[in-house]
Amino acid sequence: MVGLRCNATLFPAAHSVDAFFSKLAESHLRPVVLSRTPWVLQIDGFIAEDTTHAMIQQAGRFRSSVVNTPSGYRLTSFRNSSQWGCARCGSRPAQSAFAHYVERVSSLLGLPHRQSSDLLLLRYGAGGYYRRHHDFLSPQSQPDLWNHRGPRQLTLMLYLSDNEEAAGGATRFYIQASMRGKRVDVQPRRGRVVVWQNVYGRKPLVRDERTFHEATTLSAGTKYVATTWYHACDP
Ligand SMILES: O=C(O)CCC(=O)C(=O)O
Ligand SMILES: [Fe+2]
């Protein structure tokens, strides 16, 4: 693929995306299989509720989420949230809740920390949302990141808040490429994790058109999520 400098990919061979998810689906973590083609798995109680509270407390200063546009990073009507990125997450004692989560992800899911992005916390207040998008990463919009780290092959998202269905705030997957396709809503629950593929099983460097998703509008309360993306390249 043009520009991509990769030593190893998370999913090096055709079918290894499926191998990863099939194994996880059968594991003692007892995930709920929301979809198999493409894979979207939900794991409840992945970490203790106390840890989710601690993560919110240990987070730094949140700033408005911006969107990468042709004229630079801008506030746009595409999303309404604020965010804080945890650089070198877990290596600082004051952020031990993050270290605990990062360790659990490596040991229970077997995902290599070296290939992950910084953990990104998003906060949505009443009226918060994130329109339909894909996490894959475009080589055009972020060429440097693409060249060094390659596409985001997998997304792992942890909910740090409980939000009632009536208040919105679900993560909504459009399982088919079309807006008319099957929808799957995941409601925020503390300690719940959702993990999905951003690339095709047979083409692990190509964007999977079936995993577009959005954060539906939250009408009341506060929603928190912590997102990690796993890139193809081991830097
Ligand atoms: O907040 C959500 O439910 C979705 C967040 C998301 O899609 C992202 O961070 O890429
Ligand atoms: Fe996303």
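Heads up: these notes are all about the structure in this document. It should be emphasised that the depicted structure is a prediction, and the values quoted were computed from it without experimental measurement. (Residues numbered from 1 in each chain as written. Chains lettered and ligands numbered in written order. Predicted model: local features only at pLDDT ≥ 70, side-chain atom pairs only at ≥ 80, totals over all residues. Heavy atoms only, no water.)

## Points about the overall build of the chain
This is how it is decided: Secondary structure counts use DSSP, requiring at least four H or I residues in a row for a helix and at least two E residues in a row for a strand, with both numbered from the N terminus. Our radius of gyration looks at C-alpha atoms and nothing else; its globule reference is 2.2 Å times the residue count to the power 0.38. The buried label applies to any residue whose accessible area, calculated with a 1.4 Å probe on protein chains only, is under 20% of its type's maximum; exposed applies above 50%, and partly exposed to all values in between. Contacts are assigned to residue pairs that have any heavy atoms within 4.5 Å of one another.
The helix and strand tally for the chain stands at four helices and 15 strands. What you see for the chain is a C-alpha radius of gyration of 17 Å, in line with the 18 Å of a compact globule of 235 residues. Its C-alpha atoms give the chain principal-axis dimensions of about 45 × 45 × 40 Å. Counting over 235 residues, the chain shows a buried share of 51%. The contacts in the chain between residues at least 6 apart in sequence include a share of 76% that link residues at least 24 apart.

## With respect to the environment of cysteine 89
As for its placement among the helices and strands, cysteine 89 is situated in the loop between strand E7 (82-86) and helix H3 (96-109). For cysteine 89, a relative accessible area of 10% gives the class buried. Cysteine 89 sits 14 residues away from leucine 75 along the chain, and the two C-alpha atoms are 26 Å apart. Setting aside residues no more than four positions away along its own chain, cysteine 89 makes contact with Phe98, Val102 and Leu119.

## Focus on the environment of valine 17
Assignment of secondary structure puts valine 17 in helix H1 (residues 16-25). In this view, valine 17 contacts Phe11, Gln197, Val199, Tyr200 and Gly201; residues no more than four positions away in its chain are not counted.

## Concerning the coordination of the iron ion (ligand 2)
Here is the rule: Coordinating donors are taken as N, O and S atoms within 2.8 Å of the metal, stretched to 3.2 Å for Na, K and Ca; because water is absent from the atoms, sites can appear incomplete.
The iron ion (ligand 2) binds to the protein through His133 (NE2), Asp135 (OD) and His213 (NE2), with metal-donor distances spanning 2.1 to 2.2 Å. Judged by relative accessible area, histidine 133 falls into the buried class, the value being 10%.

## A look at the site of ligand 1
Convention followed: We define proximity as follows: a residue is near a molecule or strand when any one of its heavy atoms falls within 4 Å of that partner. Counted as a polar contact is a pair of N or O atoms within 3.5 Å, where, for protein atoms, one must be capable of donating a hydrogen and the other of accepting one, and residues adjacent in sequence contribute only when both atoms are in side chains. Here the accessible surface of atoms and residues is derived via Shrake-Rupley with a 1.4 Å probe, and residues count as covered only by protein chains that are part of the display. Amino acid classes used here: Ala, Val, Leu, Ile, Met, Phe, Trp, Tyr, Cys and Pro are nonpolar; Asp, Glu, Lys and Arg are charged; the rest, including Gly, are polar.
Neighbouring residues of ligand 1: 13 residues in total, closest Tyr124, His133, Thr171, His213 and Lys223. Here an oxygen atom of ligand 1 and a side-chain polar atom of histidine 133 are 3.1 Å apart. Note that an oxygen atom of ligand 1 is positioned 3.2 Å from one of the side-chain N or O atoms of aspartate 135. In isolation ligand 1 exposes 290 Å². Once the protein is present, 99% of that is buried. Of all the secondary structure elements, the ones that give two or more residues to the shell around ligand 1 are strand E8 (119-124), strand E9 (129-133), strand E14 (212-215) and strand E15 (223-231). Examining the composition of the shell around ligand 1, we find that four residues originate from one element, E15, more than from any other. The residue inventory of the shell around ligand 1, partitioned by class, reads seven nonpolar, four polar and two charged.

## Some words on the pattern of salt bridges
The criterion, for reference: Any carboxyl oxygen of Asp or Glu that lies within 4 Å of a side-chain nitrogen of Lys or Arg is treated as forming a salt bridge with it.
Scanning the model with the defined rule gives six salt bridges in all. Linking aspartate 234 and arginine 114 is a salt bridge whose minimum nitrogen-to-oxygen distance equals 2.7 Å. A residue pair is termed long-range when its members are at least 10 positions apart, and aspartate 234 in the segment after E15 and arginine 114 in the loop between H3 and E8 qualify at 120 residues. With a closest N to O distance of 2.8 Å, aspartate 185 and arginine 172 form a salt bridge. Residue aspartate 185 is found in strand E12 (residues 183-186), and its partner arginine 172 is found in strand E11 (residues 171-174); the two are separated by 13 residues along the sequence.

## Details of the packing of helix H2 (residues 49-58) against H3
The condition that has to hold: For helices, the fitted line uses only the C-alpha atoms of the stretch in contact; every axis is such a line through C-alpha atoms, and the angle between N-to-C directions lies from 0 to 180 degrees. To sort the angles, those under 35 degrees are grouped as roughly parallel, those over 145 as roughly antiparallel, those from 65 to 115 as roughly perpendicular, and the leftovers as oblique. Crossings are assigned a handedness: left-handed for a near helix turned anticlockwise from the far helix by less than a right angle, right-handed for a clockwise turn.
Two numbers describe how H2 lies on H3: the axes approach to 8 Å, and their chain directions differ by 130°. Regarding the angle of H2 to H3, the classification is oblique. Here H2 runs over H3; the crossing is left-handed. Residues Thr51, Ala54, Met55 and Gln58 of H2 pack against Ser96, Ala97, Phe98, His100 and Tyr101 of H3. Classifying every residue of the contact of H2 with H3 by side-chain character gives five nonpolar, four polar and no charged.

## Remarks on the state of the cysteines
As a reminder of what qualifies: Cysteine sulfur atoms are paired as a disulfide whenever they fall within 2.5 Å.
Within this structure, the stated rule accounts for one disulfide. Across the disulfide, cysteine 86 is cross-linked to cysteine 89 (sulfur-sulfur distance 2.3 Å). Where cysteine 86 bonds to cysteine 89 through sulfur, the torsion about that S-S bond is close to 90°, and the disulfide is right-handed. Like cysteine 86, the residue cysteine 89 is buried in the burial classification.

These values are about where atoms sit, not about what they do.
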